[in-house]
Amino acid sequence: MERKYALLMNMPDNKLPGFYAQIVKALANKAPLFDRDKEMLIFSAEPDREAAIGIMQQYKIEHETLELLLLPAGTEMAPTFSDFGFVSRAEHIYVYAEQAALFRLVEIAGGEPAQALQQMDEHLLARCVIDGVPAYAVETHLLELMEGIAKAYGCGVEVIS
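Fair warning: this is a prediction, and the values are worked out from it, not measured in the lab.

**Some words on the sheet that holds strand S7 (residues 93-96)**
Sheet architecture is open: 6 strands sit in the order S2-S3-S1-S4-S7-S6, paired in antiparallel fashion. Two strands in the sheet have a free side with no partner beyond their single neighbour: strand S2 (35-37) and strand S6 (85-87). For this sheet the average axis-to-axis angle between neighbouring strands, irrespective of direction, equals 30°. Each of strand S1 (2-10), S2 and strand S3 (40-43) touches helix H1 (residues 18-30); the most contacted strand, S3, lies at about 10° to it. This element, helix H2 (residues 46-58), spans S1, S3 and strand S4 (62-71) of the sheet and lies at about 5° to S1.

In structure tokens form, the structure reads like this:
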């Protein structure tokens, strides 16, 4: 799981098609893109996004910033995933960092992680493997519920985002 820095452009309607190409060209010189999806530009580092903000100001493009969590390839997504993340053109899988939390289920001696996971399943946005260990994404406000379920089954929750 990697944190990525996004800039969501609100492109003016009255601009010619070449306007977007001009912006992408300007970005190539100052702020290397990691990925993009429609009007969202995704950078690996926050300084790259900051450089892109300068370009947005230069071209007078309204924008907003947000942070994303890049999930590994092979992530299983629940039907509700699209409300909290997206798959980019390059087929990278992202969740919005403010809206989703990633955690691992930690077994405590005598715990029942399979039963805990079964109880949690209806709330999960995604399942993936990070550094060889299963990890799960839920809506941020449900993290406390996940901790309660884990505790009830003799397990713990390790937050990784």
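**Comments concerning the environment of Ser161**
Position of Ser161 among the secondary structure elements: in the segment after strand S11 (155-159). Residue Ser161 is classed as partly exposed on the basis of its relative accessible area of 33%. Along the sequence, Ser161 and Ala101 sit 60 residues apart, while their C-alpha atoms lie 5.8 Å from each other. If sequence neighbours within four positions are ignored, Ser161 has contacts with Met1, Arg3, Leu69, Ala100, Ala101 and Leu102.

**Overview of the packing of aromatic side chains**
Throughout the structure, instances matching the rule amount to 3 aromatic pairs. Arranged with centres 5.8 Å apart and planes meeting at 40°, the rings of Phe86 and Tyr96 form a pair that is tilted. In this pair, Phe86 is assigned in strand S6 and Tyr96 in strand S7, connecting sequence segments 10 residues apart. Tyr96 gets classed as partly exposed once you look at its relative accessible area, which sits at 22%. Seen from their ring centres, Phe103 and Tyr136 are 5.6 Å apart, and the 40° between their planes marks the pair as tilted. With Phe103 in strand S8 (residues 100-107) and Tyr136 in strand S10 (residues 133-139), this pair connects stretches of sequence that are 33 residues apart. Each member of the pair, Phe103 together with Tyr136, is buried.

Rules of the game
- Residues numbered from 1 in each chain as written.
- Predicted model: local features only at pLDDT ≥ 70, side-chain atom pairs only at ≥ 80, totals over all residues.
- Heavy atoms only, no water.
- Pairing = 2+ DSSP bridges.
- Helix = DSSP H or I, 4+ residues; strand = E, 2+ residues; numbered from the N terminus.
- Axes fitted to C-alpha atoms, helices over the stretch in contact; angles between N-to-C directions.
- Contact = heavy atoms within 4.5 Å.
- Buried < 20%, exposed > 50% of the residue type's maximum accessible area, 1.4 Å probe, protein only.
- Phe/Tyr/Trp six-rings, centres within 6.5 Å; stacked < 30°, edge-to-face > 60°.

Geometric values such as these leave the question of function open.
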